[in-house]
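Observations on chain architecture
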There are 2 protein chains.
Amino acid sequence: MAIREPIRTGGRSARVQQSIHRAVCELLATQPRESLTVPLIASHAGVTPSTIYRRWGDLPTLLADVSLERLRPDTAPADTGSLHGDLLAWAEQYVDELGSEPGRAMVRDFINSGAACQCSNLLRGQLQHITERALQRGEQAPAADLLVDQLAAPMVYRVVFSEQLPSTAQLKVWVARALAR
Amino acid sequence: MAIREPIRTGGRSARVQQSIHRAVCELLATQPRESLTVPLIASHAGVTPSTIYRRWGDLPTLLADVSLERLRPDTAPADTGSLHGDLLAWAEQYVDELGSEPGRAMVRDFINSGAACQCSNLLRGQLQHITERALQRGEQAPAADLLVDQLAAPMVYRVVFSEQLPSTAQLKVWVARALAR
């Protein structure tokens, strides 16, 4: 089941959703992810399991939805004063998060729930923000899609498929390659 | 549970493994992947479920092991006479396979079973084979790792995370970029 669009805030349905999201976060803070079940989350949130099944369909989809909410950045990517610096700072933080145990679990949730697409839209949005800021500064900047192919893709591929965390030196090579004319 | 190293062929244990692999392939040919269970596979292969649990631990690991076996190429990548042609032919076939429904299911199995690393080793091995053949022809060739970053990573990223199949035109751009000095 695909993750649905966010519902309007403030209504009864939104409050139920928030209580379920909060229950997942609180449970994840105290026990391993593998031990989470729909009945446990429902009981913690004070709803029936069928409320969860009706809205999310299954556990991976609920977990992916919660991850997506936590992944949605509160703030814009750090402004270091240059496109090169912004990309490197963004890449270092992204690799840190994705390569952590919760980050890897999140990738599994996204892929199992069919929501990987929303995850990659968020990532592209951050790169778009960084390039637009560079253009406003008067710098030249490649298209966000080129940065996805030359920087984000090898980062994600190495973390997810070869289980290596790229070093800062490696990230610098990818950033330089993406910015080379 | 990680996939174990292949066991010696011919022994009793190897024959049991083959019968279980064959049962998975036969079942997959006639019914949807989601309907497969360990007891069903065991019954089809004429073994007890505990034989499967003992060797593979769980269903995703067994499915990933079978996928890995099928993924292991019988033949070397096609020889088109040039590095550029070999890479493009390899990329087109890889995208076709990975983007199919069984291909996507395979990626999920690999990621869920923690065997993604073996999958990426196979892929790197194919690129290594192509570059070594190019060097033998007297062509220049980049390191296999550069081809992983600049060609394989964006291919896999687009298929898995943005759910788009890259076009041949897009593959040509990545191949050209990877071969540009």
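Residues numbered from 1 in each chain as written. Chains lettered and ligands numbered in written order. Predicted model: local features only at pLDDT ≥ 70, side-chain atom pairs only at ≥ 80, totals over all residues. Heavy atoms only, no water.

Our focus in this paragraph is the nonpolar core. Proteins that are soluble and globular tend to have nonpolar side chains buried together. A:W90, A:L123, A:M155, B:W90, B:L123 and B:M155 are the most contacted members of the largest nonpolar core, which has 62 residues in total. Ignoring anything within four residues of it in the chain, the contact list for B:L123 reads A:Y157, B:W90, B:Y94, B:V148, B:A152 and B:V156. (Core = buried A, V, L, I, M, F, W, Y, C linked by side-chain atoms within 4.5 Å. Buried < 20%, exposed > 50% of the residue type's maximum accessible area, 1.4 Å probe, protein only. Contact = heavy atoms within 4.5 Å.)

Turning to the interface of chain B and chain A, a few remarks are in order. Contact with chain B, which involves 26 residues of that partner, is made by 26 residues of chain A. Carbon and sulfur atoms supply 58% of the area that chain B and chain A bury against each other, a total of about 2500 Å² over both sides. On the chain B side of the contact with chain A, B:D149, B:Y157 and B:F161 bury the most area, a combined 27% of that side's loss. If you look at where chain B meets chain A, you find four salt bridges. (Buried area = accessible area lost by both parts, 1.4 Å probe. Salt bridge = Lys/Arg side-chain N within 4 Å of Asp/Glu carboxyl O.)

Glancing now at the relation of the copies chain B and chain A. Both copies of the chain are related by a screw-like operation: a rotation about an axis and a shift along it. Expressed as a screw transformation, the operator carrying chain B onto chain A has a rotation angle of 180 degrees and an axial translation of 0.0 Å, and the superposed copies differ by an RMSD of 0.1 Å. Viewed as a symmetry operation, the transformation between the two copies matches a two-fold axis. Relative to the rotation axis, the closest C-alpha in chain B is found at B:A153, a distance of 2.7 Å. With an isologous cut-off of 70% or more, the 100% of interface residues of chain B that recur at the interface of chain A puts this contact in the isologous class. (Least-squares fit on C-alpha atoms with pLDDT ≥ 70 in both.)

In this structure's numbering, the residues bearing the UniProt feature "DNA-binding region" (unreviewed entry) are residues 37-56 of chain A. Between the C-alpha atoms that bound residues 37-56 of chain A the distance is 13 Å, and the span itself is 80% helix and 0% strand. (UniProt positions renumbered as here; feature names shortened; annotations may be inferred. Helix = DSSP H or I, 4+ residues; strand = E, 2+ residues; numbered from the N terminus.)

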